[in-house]
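# Coordinate inspection notes
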Amino acid sequence: MAFQLKPKEEKFFALLEKHAELGANAGKILYDCFANKIDSKDGLEEVQRLKREGAEVRSKTMERLQKTFITPIDREDIQSVIEQLDTALDEIKEIMDKMVMYHPGEPTPGAVAMAQIVAKCMDEIRKSVSYMRNLKGNYLKIEARSMKVSNLESQGDVYYHEEMAKLFTECTDPIHIIKWKEILSSMEEVVDECEILVNTFQRVVLKYA
């Protein structure tokens, strides 16, 4: 059966904005967990809910891509953004999974700082996506947000290397080392994914602004 093609739609932006908001909420929950503002199990349940909702948004986006004849920006750009947003949200869920499964103990101040960077990056991504409805008018704002994420990524690298060095020089429990090595590495991956996202935004801006 042939698809019923729809004319050019603006609803793609609403879907991208929704997913970005879910990711920003998940980032805040992650930070609240590391800062002992919420229980890890409660945080995981909420992030799992956000992840399920994100999967639905991604599915709706891909379905619309199949049925829409003219998209507001290239369909491969929409697909890249929604998939990268979904990857970042999934990686946050994995961190929360590890916090609950591993029982790693009290996070160090450096680990809390890394979680805060994750939350800030995800919020910058949310703001960047909200500017995509008007790429020509907002390209400077998108560029500014991209620079913020790049700076946060650099800060995250510093914390990551410092925490890994402390872990291997100050900790004598190999199981504890393995637990926190995986958690810290997962947080670095989220920040790296955010940088990939802003690179995608910059590429889209160059195409349309």
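Think of each chain on its own: its residues are numbered from 1, step by step along the sequence as written. Owing to the predicted nature of the model, reporting of local features is limited to residues with pLDDT of at least 70; listing and counting of side-chain atom pairs is limited to 80 or more, with chain, interface and lining totals taken over all residues. Computation of side-chain values: all heavy atoms of the structure, hydrogens and water removed.

As annotated in an unreviewed UniProt entry, the protein chain carries the name DUF47 domain-containing protein and comes from Negativicoccus succinicivorans. UniProt positions are given in the numbering used here, feature names are shortened, and annotations may be inferred rather than shown by experiment. Among the UniProt annotations of the protein chain, the heading Sequence similarities (unreviewed entry) holds the following wording: "Belongs to the UPF0111 family."

### Regarding the overall build of the protein chain
Under the scheme used here, helices are H or I runs from DSSP no shorter than 4 residues and strands are E runs no shorter than 2 residues, and both carry numbers assigned from the N terminus. Summing up its helical and strand segments, the protein chain has six helices and zero strands in all. Counting from the amino terminus, helix and strand elements in the protein chain follow one another as α-α-α-α-α-α. Against the 2.2 N^0.38 benchmark of 17 Å for 209 residues, the protein chain shows a C-alpha radius of gyration of 18 Å, consistent with a compact globule. Along the first, second and third principal axes, the C-alpha atoms of the protein chain reach 60 × 35 × 25 Å. We call a residue buried when its accessible area falls under 20% of the maximum for its residue type, exposed when it is over 50%, and partly exposed in between, using a 1.4 Å probe and counting protein chains only. Taking all 209 residues of the protein chain together, 48% fall into the buried category. By definition, residues are in contact when any of their heavy atoms lie within 4.5 Å. Put simply, of all contacts in the protein chain between residues at least 6 apart along the chain, 85% involve residues at least 24 apart. Summed over its atoms, the accessible surface of the protein chain is roughly 10,600 Å², and 52% of this surface lies on carbon and sulfur atoms. For the purpose of counting charges, residues Lys and Arg are taken to be positive, whereas Asp and Glu are taken to be negative. His and the chain ends are not included. By convention, the charge on Lys lies at NZ, on Arg at CZ, on Asp at CG and on Glu at CD. In the protein chain, the 30 positive side-chain charges and the 37 negative ones have mean positions that sit 7 Å from each other. Atoms counted for the radius of gyration: C-alpha only. Globule rule: 2.2 Å times the number of residues to the power 0.38. Here, Shrake-Rupley sampling with a 1.4 Å probe gives the accessible areas, and only protein chains in the shown set may cover a residue.

### Overview of the confidence of the model for the protein chain
The pLDDT value expresses, per residue, how confident the predictor is, ranging between 0 and 100. Mean pLDDT over the protein chain stands at 93; residues scoring 70 or higher make up 95%. Every residue in residues 1–7 is under pLDDT 50, and counting partners more than four places away or in other chains gives 13 contacts.

### A closer look at the environment of Leu65
Structurally, Leu65 is set in helix H2 (residues 40–67). Under the relative-accessibility criterion, Leu65 is labelled buried at 8%. Distance from Leu65 to Gln202, taken between C-alpha atoms, is 22 Å for residues 137 residues apart in sequence. Look past the residues within four positions of Leu65 in its chain and what remains in contact with it is Phe12, Thr71, Arg75, Ile78 and Gln79.

### Some remarks on the side chain of Arg145
Counting through the fold element by element, Arg145 comes out in helix H5 (residues 135–170). With sequence-adjacent residues up to four places away left out, Arg145 is seen in contact with Glu124, Lys127, Ser128 and Tyr131.

### Things to note about H5
Take the number of residues in a helix, subtract one, and multiply by 1.5 Å to get its expected span. Under the 1.5 Å per step criterion, the end-to-end length of H5 is 49 Å for 36 residues, consistent within 8% with the ideal 52 Å. The largest bend in H5 is about 30°, located at Lys141. What the bend at a residue measures is the angle between two axes, fitted to the seven residues ending there and to the seven starting there.

### Some details on H2
Counted at 1.5 Å a residue, the expected span for H2 with its 28 residues is 40 Å, and the 40 Å between its end C-alpha atoms agrees. Buried residues of H2: Ser40, Gly43, Leu44, Val47, Leu50, Lys51, Gly54, Val57, Thr61 and Leu65, and no others. Residues of H2 that are buried make contact with helix H1 (11–34) and helix H3 (75–102). Residues adjacent in sequence count toward polar contacts only when both atoms are side-chain atoms; beyond that, a polar contact is any pair of N or O atoms within 3.5 Å, and within protein one must be able to donate a hydrogen and the other to accept it. A side-chain oxygen of the first residue of H2 lies 3.0 Å from the backbone nitrogen of Lys41; this N-cap is Asp39.

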